[in-house]
Amino acid sequence: MKKLAVILTVILLLSLGCGAALTACTDVRVDDDGTIVAGGVRYKIDGQFATVVGYDKDYGRRLKILNEIEDEELGIEAEVTIIAENAFAGADIDQIEFDDDFERLTIYPNAFAGSTVKDLEDFPYTNVTLMDNALAGMSELTVISVRGDSTERGCYYIRETDGGLYGVGEDGKVTLYLIPAAKQASNTYTIVADIVAPGAFSCNKSINTVYVESNVTRICAGAFAGVKMSNVYFRDGTAEVFVEEGAFEVDKDMRFYVSANSVEVLDHWIKLSDGEQLETLSGLIHPIGCTMSTPHVHGLSEENAPATSIEGISYEVTDASHYRIRIGDTEYVLQYLFTSYTK
């Protein structure tokens, strides 16, 4: 009986030691700079709200972001509502886990940029606002999981086929927010979401060819930041997709292929490359089916070529089938080729 009494006493003391739900069990302390450190994550308290502002470099390689900070001795009871810009930037850690039941959480740009995080675990499935590039810059991320499994409006979910994080807006449109950069994948990818968010493919080293399906309505600036692309194919019906300036990091070897079987449709795409939507250094807009490997231009007729204006690029008709094109300080003579093709 005496032994049992001792065991019960120890259990009681342990339970009391935890105090409030997130106190001693998560090692809450006040640091020299006035921030609160709990479970290796650093918070700034402002009244009833808390912001994640950094981390304890000496804590370990696995951290957990709490949904509230509560400590009776320190007189703290605050709801975690923000993960600040660059909060975990450059962090040398393996895993960040999210607590459950966030009432509202906003993640600011580049919150995890440059970190070595490989696993974002139990990402909240709802009540989260992602600022542009909130999840960008994690070059070693291999997996992200979501707490819950819902494709209802206002919810986030993981698509099994690619491991990407998707969200459903209140308008029902699906946004692709993140493809884990270090996930082993094919070098081709087919976009099926309505919208591709900034930083969605940030730092991806595998993908070099993308197919854009006909339901896609917008590819946001910075969607492919840090990704060296070779080919982007726009499927049938995507002539009206809005490609924001800076969506792709374009170089002279990159090509955009469009499903077009007339000069008029190709001309539409050429006009998108004037810097307002599709920023290209080479202006190489091709029909799907083009197999030419040497530099050339599609979609410009002899009548409208002199009037075509693309920043940094000028066209001049030399004869019925050739144009002189200047890209920066380099001048090329390119053959004008346009033929219909079988899709």
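Every chain begins its residue count from 1, and numbering advances along the sequence as written. Given that this is a predicted model, residues contribute local features only at a pLDDT of at least 70 and side-chain atom pairs are listed and counted only at 80 or more, while totals for whole chains, interfaces and linings are drawn from all residues. Only hydrogens and water are set aside; all other atoms, that is, all heavy atoms of the structure, feed into the side-chain values.

Peer 1: Looking at this structure, how should I read the overall build of the chain?
Peer 2: Only runs of H or I of at least four residues qualify as helices and only runs of E of at least two qualify as strands under DSSP, and these elements are numbered from the N terminus. Summing up its helical and strand segments, the chain has 2 helices and 27 strands in all. Classification of the 343 residues of the chain by burial places 47% in the buried group. Pairs at least 24 apart in sequence give 48% of the contacts found in the chain among residues at least 6 apart. Under the convention used here, a 1.4 Å probe and the Shrake-Rupley method define accessible areas, while residue burial counts only the protein chains that appear. Roughly 16,900 Å² of accessible area belongs to the chain as shown, and the carbon and sulfur atoms make up 49% of that amount. The cut-offs for exposure are 20% and 50% of the maximum accessible area for each residue type, with area from a 1.4 Å probe on protein chains only; residues under the lower value are buried, those over the upper are exposed, and the others partly exposed. Contact definition: two residues touch when any of their heavy atoms are within 4.5 Å.

Peer 1: Where do I start with the confidence of the model for the chain in this structure?
Peer 2: Caution is warranted with low-pLDDT regions, since their predicted coordinates should not be read in detail. Residues at a pLDDT of 70 or more form 64% of the chain, whose mean pLDDT is 76. Confidence, expressed as mean pLDDT per element, reaches its minimum in the chain at strand S27 (residues 330–336) with 40 and its maximum at strand S9 (residues 105–107) with 98. Every residue is assigned a pLDDT by the predictor, reflecting its confidence on a scale from 0 to 100. Here residues 299–328 is a poorly scored stretch, pLDDT under 50, and it has 77 contacts once near neighbours within four places are set aside; other chains count.

Peer 1: Help me out: how do you make sense of the packing of aromatic side chains in this one?
Peer 2: Two measures describe an aromatic ring pair: the distance that separates the ring centres and the angle between the ring planes. Only rings of Phe, Tyr and Trp enter the pairing, Trp through its six-membered ring, and a pair is recorded when the two centres are within 6.5 Å. The plane angle decides the type: under 30 degrees is stacked, over 60 is edge-to-face, the rest tilted. Inspection of the entire model under this criterion finds 10 aromatic pairs. Summarising the aromatic geometry, the rings of Phe88 and Phe112 are spaced 5.5 Å apart at their centres and angled 5 degrees between planes, so their arrangement reads as stacked. Taken together, the residues Phe88 in the loop between strand S7 (76–83) and strand S8 (95–98) and Phe112 in the loop between S9 and strand S10 (119–124) connect sequence positions 24 residues apart. Phe112 matches Phe88 in its accessibility class, with the two residues each being buried. Aromatic side chains Tyr157 and Tyr166 sit 5.7 Å apart centroid to centroid with 15 degrees between the ring planes, which places their arrangement in the stacked category. Considered together, Tyr157 and Tyr166 belong to a single accessibility category, that of buried residues. Aromatic ring contacts, followed pair by pair, group Phe98, Phe123, Tyr156 and Tyr177 into a single cluster.

Peer 1: Please explain unusual backbone geometry as it appears in this structure.
Peer 2: With phi around 60 degrees, Asp101 is a residue other than glycine that occupies positive phi space. Within the element layout of this structure, Asp101 appears in the loop between S8 and S9. Judged by its relative accessible area of 62%, Asp101 falls in the exposed class. A positive phi angle is found at Asn133, which is not glycine, with a value near 65 degrees. If you trace the backbone, Asn133 turns up in the loop between strand S11 (128–130) and strand S12 (143–147).

Peer 1: It is not clear to me how the pairing of strand S13 (residues 156–159) should be interpreted in this structure. Could you clarify?
Peer 2: Each regular strand displays side chains that alternate between the two surfaces of the sheet. One ladder, built from 4 bridges, connects S13 with strand S14 (residues 164–168); its direction is antiparallel. When the sheet's bridge partners are listed, Tyr157 is paired in S14 with Tyr166. Only when DSSP finds a minimum of two bridges between them are two strands counted as paired. Here S13 hands over to S14 after 4 residues, with Gly163 in that stretch at a positive phi of 70 degrees.

Peer 1: In this structure, what is going on with the side chain of Thr209? I would like to understand it.
Peer 2: Tracing the sequence through the fold places Thr209 in strand S18 (residues 209–212). Given the relative accessible area of 9%, Thr209 is considered buried. Any pair of nitrogen or oxygen atoms within 3.5 Å is treated as a polar contact; in protein, a donor-acceptor pairing is required on top of that, and neighbouring residues in sequence qualify only through side-chain atoms on both sides. Among the polar contacts listed, one links the side chain of Thr209 to the side chain of Asn208, at a separation of 3.0 Å.

Peer 1: Got a minute to help me understand the sheet that holds strand S21 (residues 242–243) in this structure?
Peer 2: What links the strands of a sheet is backbone hydrogen bonding, and the strands pair in either a parallel or an antiparallel sense. If you trace the 6 strands from one edge of the open sheet to the other, you get S13-S14-S15-S17-S19-S21, paired in mixed fashion. Because the sheet does not close on itself, it has two edges, and the strands there are S13 and S21. Here strand S17 (residues 195–196) pairs with strand S19 (residues 218–219) via 2 bridges, running parallel. If you follow Val196 over to S19, its bridge partner there is Ile219.

Peer 1: Quick question: what am I supposed to make of the sheet that holds S8 here?
Peer 2: In space, the 4 strands of this open sheet follow the order S5-S8-S10-S12, with parallel pairing throughout. Here the strands that pair on one side only, and so sit at the sheet edges, are strand S5 (62–65) and S12. Strand after strand, the sheet turns through a mean of 20 degrees between neighbouring axes, direction not considered. Strand direction decides the pairing type here: S5 and S8, joined by 4 bridges, are parallel. Pairing of Leu63 across the sheet is with Ile96, part of S8. Geometry is summarised by axes, namely lines fitted to C-alpha atoms with helices restricted to the contacting stretch, and by angles between N-to-C directions that run from 0 to 180 degrees.

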